[in-house]
Amino acid sequence: MTVESGRIGAGAERSAWGVVRQGLSLTPEFRKGLGVTLVLAVIATSGKIIVPLAVQQTIDTGIATGHPDLPYITRMVAVCAMAVLLTAAAAYLMNVRLYKATESSLATLRVRGFRHVHDLSVLTQNTERRGALVSRVTNDIDQISTFMQWGGLMIIMAFGQLIIASVLMFVYSWQLTLLVWACFVPLMIALPRFQRWLSAAYTRVRERTGDMLAAVSESVVGAAVIRAYATERRTAERIDQAVDANKAAQVKAQTIVGFVFPLTEIVAALAIAGIVLLGVRLGLSGDITAGQLVAFLFLITLFVAPMQTATEVLNEAQNAIAGWRRVLGVIDTPADVADPGDDGTAPPRGPISVAFEDVTFAYPGGPPVLREVTVDIPPRSRLAVVGETGSGKTTFAKLLTRLMDPVSGRVLVDGHDLRGVRFSSLRERIVMVPQDGFLFDGTLQENILYGKPSATREEITLALTELGLADWLEGLPAGLDTPVGQRGESLSAGERQLVALARAYLADPDLLLLDEATSAVDPATEVRLARALEGVTRGRTAVTIAHRLSTAENADEVLVFDGGRLVQRGPHAELVGEPGVYADLHASWISAARS
Amino acid sequence: MANKVTSAVMRQGLRVLGVAIRTEKVVFTFAVLASAVYGGMTVASAWALGWATQNVVLAAFDRGEVTTGALWTGVLLIMGTALLKALGVAGRRILAGLMQYRMQARSRRDVTKQYLRLPLSWHHRHPTGQLLSNASSDAEAAWAPLAPLPMAVGVVVMLFTAAIGILFTDLMLALVGFFIFPAIALLNLVYQRRLSPLVTRAQQLRAEVSEIAHESFDGALVVKTLGREELETDRFRRRAHELRDANIAVGKVRGLFDPLLEALPTLGVLAVLAVGALRLSTGSIDSGQLVQVAYLFTLLSFPIRALGWVLAELPRSVVGWGRVQAVLDAEGSMTYGETASRPDGPASLEVKDVSYAYGDTEVLHEVSFDVPAGRTVALVGPTGSGKSTLVQLLVRLVDPASGQVRLDGVDLRDLPYGGIAESVALVPQQTFLFDDTVRGNIALGLPVDDERVWRALRLAQADGFVAGLGDGLGTHVGERGTTLSGGQRQRLALARAVVREPRLLILDDATSSVDPQVEARILYGLRDRSQASTVVVVAYRMATIALADEVVFLDRGRVADRGTHAELLDRCPGYRDLVTAYEREELERATLDTDTDTDTDTDTDTDTDRRPGLEEEEIRA
Ligand SMILES: Nc1ncnc2c1ncn2[C@@H]1O[C@H](COP(=O)(O)OP(=O)(O)O)[C@@H](O)[C@H]1O
Ligand SMILES: Nc1ncnc2c1ncn2[C@@H]1O[C@H](COP(=O)(O)OP(=O)(O)O)[C@@H](O)[C@H]1O
Ligand SMILES: [Mg+2]
């Protein structure tokens, strides 16, 4: 099993069988009691031959002779009716068992996949489009369940049906059985080819649907830009194209289905005609009774349904295996930045020290963006990180919070390698506020509570007051109960950052790391926030990344990054005096910030 | 909730179907014709089989010989009906699909046209996720019953011909049929009534599970940095388990009714055999007829379910249609005037008594100011004071609740469609890039040559990194520009605005992700060409504000003051607090440093001896 690390596995390395085997091993709920379900399926399937049997009996015991044996027929019909009810009951039990087993096992798999996505590093998560990642725990799983509940069952039933029908046919007449098979075998051979066409057509439909959804989403997400630049017509054209391409693909797939599906009818008619032609001749030589011959005509119908649905079933089987592959692909992707769990250490809370030792980092397939960074962050220090865009500040932050691991070198927390520190401890002690203040669809309160689920409403209000945001809160129409909208879209960009900051503040970490967390906030509020944070982080460590160099001026120490290297460090007063990157940055900041 | 097959839902559902039938008359007519052929031929094939049984098979067994004529007639009948039936099936399926997909595509085009037509204020009121599902799953659901509809019509034809056929064959057998088929139909109805609310619920839950996954993966950075993976998994697990239970509930109903629906026709065939044998003994029918009726029952048992499929899809269809229709019926389109704008020279802008509200919350109150042609005005105000909202009004993304915005003296509402975009370019606070090339994103359909695009990129300080991209201007930026960093995206958005050489340029905090050095270069560039246009800029940074001829200070949705930077600094305390926050901060710190031991709160008016700014002034010089 070679899963390229740093990417989410496509599961392509596995054979179809391997997928099914591993899939089943991951879903014990499904395997349990599968035997009983299969027995029930066999009973249910055998119900299909009751009608042909009864027809044959009726004709042979009466009709053909011209004097129906009425009491016998009545008895026989009654027995058959009982058998029908029995098989229906078996089918019911089988269905319920199957639904329960598949749904339970797939729910487990779904949750497991979801959890594992969160265990993957951000970097790995970002190698895939969001929609595709979501699919792995939604549509892909649904595809497996549709197959297990319908297609898989159809395969079992179809095989059962074909076998039982063939056995009965063989008992009646081996010649006619051969004839029937001679008619259907070419179709069976052709079916996989039809299925390949169909599957190619469906793949195209899926792709076009993806394009269509992406195009449609632009009209919603880009609403403001589209209006501001009056590009409605151009956007509409793009959407129409995508919608029409999707439609064309759907119609094409449907046309293939439309032609393949009724082929079976024609083959069945051929078989029936053949049976009549040959059967009559066999009958004349006494090899077969009239009832048996007529029963054949009914038995043919048992061949029709399996053939008609075969392309769909094969297609679903393929989809299910592909879905399973993708789900297993996620689960098998190594959690590249893994929680050491119980093997890890959990340094006690309190003043925290961090050290980078010769840390180098490169994004997969790229050049190093951080080179041999060595730095100590003593407890209770206030650190500012500055540098041009792309100099590696965010990368530094992500390594410090262990969102990623260094390519070489070590990051130490209280002397312990970060890789050996339990997440439960790490996430409690070190919290980063990223620039994009992502909010969940809910109220302000729910979002802030995310930082500390056990907090009371009073604690939240207190936290906001400490951050100097009480006035702002009061100005909101519903205060803490103001809905923020999906991703926080009903707040202003700056307000979203305030909420994100309050959320982290409430979490009360030993080290708070702000990565341009107040870039959209006004200076007065920003300064108020900085001061409030300082007040409460006294005794804590604070690392701030900001373009606004006022933060640097206030810090105990400044780290200056340039092209991935730590080029300068020291207090502002010192750095600003010596020629270098910092002095340049500071000069342009000064000219930007001062009147 | 309309999730039961009540008669009201039935009526609405039929109305929806009526809409589709009227829209796609021709396709529907042919689909129904094909389906009727299929229905008729299904009955005919049973009849052919009965005929062959009686006149070929039984005749041969009776007499010990067979005439070639009868034999070949039988074969021809069987093959002929099958061929026609196959054609009917193919036609029905293909045409039904055509109709369904055409209607879906039509709804999607209409809905997105509406999204593009409706004002932004309407978008503000509707969550993104909802709008996306209106265009995708609701448009799909609305027309889902179209797939089985022609078949259902064919089944009606089938039942009708079958009924007549059986009636002519034998009254007693017909009685069995008239008992069994309504029973199947009734069972189907009960089935769908029980099933459809459960299916609707399962579908709802499926959407919710997907939404949670989406939101949770979108917010992965927050989840990780706060270590809330377990919490998120719990949230997901709860919903996933609800979905599991809902699916099992669906499965139980399906598991019960499917076998019943299969057993019922089988019992019917058995009844036909019993009754038929009786009739045969009295000589009322011949064996061929018995086989024919029995065969007919076998053939009919499956298609008859198509009626149920249509019924099953109706509630979903009604809900989907309702949601699509709500979008299509949404009022509040922007109306445009006819007044042509003067196309050259910088534009002038007037804002008069403008108020604006999101829902019931008014966020702008009688805002007034003006920007003379060629001037630069800075909009300054605390977070959430309404700057972005105001900016949206300036380019008529939304219309004011009251008051007016005038461009060159003309109310924006009197300008023709496209008239504003011709003169005004906005760089919004939130960058949005299309899934297109760099060039496509900047030109947005404007016929500009590469030279001009590069010039715009240079001005936006984006030429460097664009040149470094694999295909230069032809590089695809990916879904919403995911392959670029925030600062890079912002600079492309800026280039998009300046490439149009607008007469009025509006920047909403458009350089927040750009570092000060790059920002300074951008600002110099803008200043160099600023004679060509009027500029409104939302900014906090002094350098940007310093570019402005005038400042409008916005506080809690009101214009608190306006004037030059110096005037405001002098007389407006709120403004002073805001823009000098960094300097004051520094001053206080300087003081704090001098008396760290005293640990008292410092005032702003302490001596400024140690003002570090002095050194920087030298650097700047
Ligand atoms: N996910 C990523 N994949 C590849 N390269 C990246 C990724 N994120 C950042 N980079 C690159 O790494 C370098 C440093 O980026 P970053 O740490 O974000 O800089 P800063 O925060 O200082 O602006 C940049 O050249 C950037 O293009
Ligand atoms: N889509 C929206 N729905 C509801 N309220 C909104 C929406 N967008 C902004 N607001 C509210 O309007 C006020 C002004 O927001 P905005 O104009 O974005 O402020 P600024 O740009 O000055 O930070 C804020 O209080 C914000 O919460
Ligand atoms: Mg704003």
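Per-chain numbering applies: the sequence of each chain, read as written, is numbered from 1 onward. Each chain takes a letter, starting from A, and each ligand takes a number, starting from 1, following the order in which they are written. Since the coordinates come from a predicted model, pLDDT governs what is reported: local features require at least 70, and pairs of side-chain atoms require 80 or more to be given and counted, while whole-chain, interface and lining totals use all residues. Values reported for side chains reflect all heavy atoms of the structure, with hydrogen atoms and water molecules removed beforehand.

By the naming in an unreviewed UniProt entry, chain A goes by ABC transporter ATP-binding protein and is assigned to Nonomuraea ferruginea. For the record of chain A, the UniProt heading Subcellular location (unreviewed entry) holds the text "Cell membrane". UniProt positions are given in the numbering used here, feature names are shortened, and annotations may be inferred rather than shown by experiment.

(A) Here's a closer look at the site of ligand 1. All names here are of chain A. Only a single heavy atom is needed: when it lies within 4 Å of a molecule or strand, its residue is near that molecule or strand. Around ligand 1, the structure places Tyr363, Val369, Glu388, Thr389, Gly390, Ser391, Gly392, Lys393, Thr394 and Thr395. Between ligand 1 and Lys393 there is a distance of 2.9 Å, counted from an oxygen atom to a backbone nitrogen or oxygen. Within the side chain of Thr394, one N or O atom sits 2.7 Å away from an oxygen atom of ligand 1. Computed with the Shrake-Rupley method and a 1.4 Å probe, the accessible areas treat only the protein chains shown as cover for residues. In isolation ligand 1 offers 560 Å² of accessible surface; the protein chains occlude 60% of this area. With three residues, the single largest contributor to the shell around ligand 1 is helix H14 (residues 393-400). Think of it as three bins: nonpolar holds Ala, Val, Leu, Ile, Met, Phe, Trp, Tyr, Cys and Pro, charged holds Asp, Glu, Lys and Arg, and polar takes everything else, Gly as well. Looking at the shell around ligand 1 residue by residue, the class counts come to two nonpolar, six polar and two charged. Under the rule applied, a polar contact is a pair of N or O atoms within 3.5 Å (in protein, one hydrogen donor and one hydrogen acceptor; residues adjacent in sequence only if both atoms are side-chain atoms). In this description a helix means any DSSP run of H or I spanning at least four residues, a strand means any run of E spanning at least two, and both kinds are numbered starting from the N terminus.

(B) Region of interest: the packing of aromatic side chains. Two aromatic rings from Phe, Tyr or Trp, using only the six-membered ring of Trp, form a pair when their centres are within 6.5 Å; if the ring planes differ by under 30 degrees the pair is stacked, by over 60 it is edge-to-face, and anything between is tilted. The full count for this structure, using the stated rule, is 20 aromatic pairs over all chains. Look at A:Phe396 and A:Phe561: their rings are 5.2 Å apart centre to centre, the planes differ by 50 degrees, and that puts the pair in the tilted class. With A:Phe396 in helix H14 and A:Phe561 in strand E9 (residues 557-562), the pair connects residues that are 165 residues apart, well separated along the chain. Ring centres of B:Phe553 and B:Tyr575 lie 5.6 Å apart, and the angle between their planes is 75 degrees; on these two criteria the pair is classed as edge-to-face. Here B:Tyr575 lies in helix H21 (residues 573-579) and B:Phe553 lies in strand E9 (residues 550-555), a separation of 22 residues in the sequence.

(C) Seen up close, the interface of chain A and chain B. Should any heavy atoms of two residues lie within 4.5 Å, those residues are counted as being in contact. Contact with chain A, which involves 164 residues of that partner, is made by 163 residues of chain B. Between chain A and chain B, the buried area comes to about 15,100 Å², and carbon and sulfur atoms account for 69% of it. Put simply, a salt bridge is a Lys or Arg side-chain nitrogen that is within 4 Å of an Asp or Glu carboxyl oxygen. The interface formed by chain A and chain B includes nine salt bridges. Among the salt bridges present, the one from B:Asp436 reaches A:Arg238, with a minimum N-O distance of 3.2 Å. At the junction of chain A and chain B, the tally comes to 31 residue pairs in polar contact (both at pLDDT 80 or more). Residues of the side of chain A that touches chain B, tallied by class, amount to 89 nonpolar, 37 polar and 38 charged. Here's the idea: put two parts together, see how much 1.4 Å probe accessible area each one loses, and the total over both is what we call buried area.

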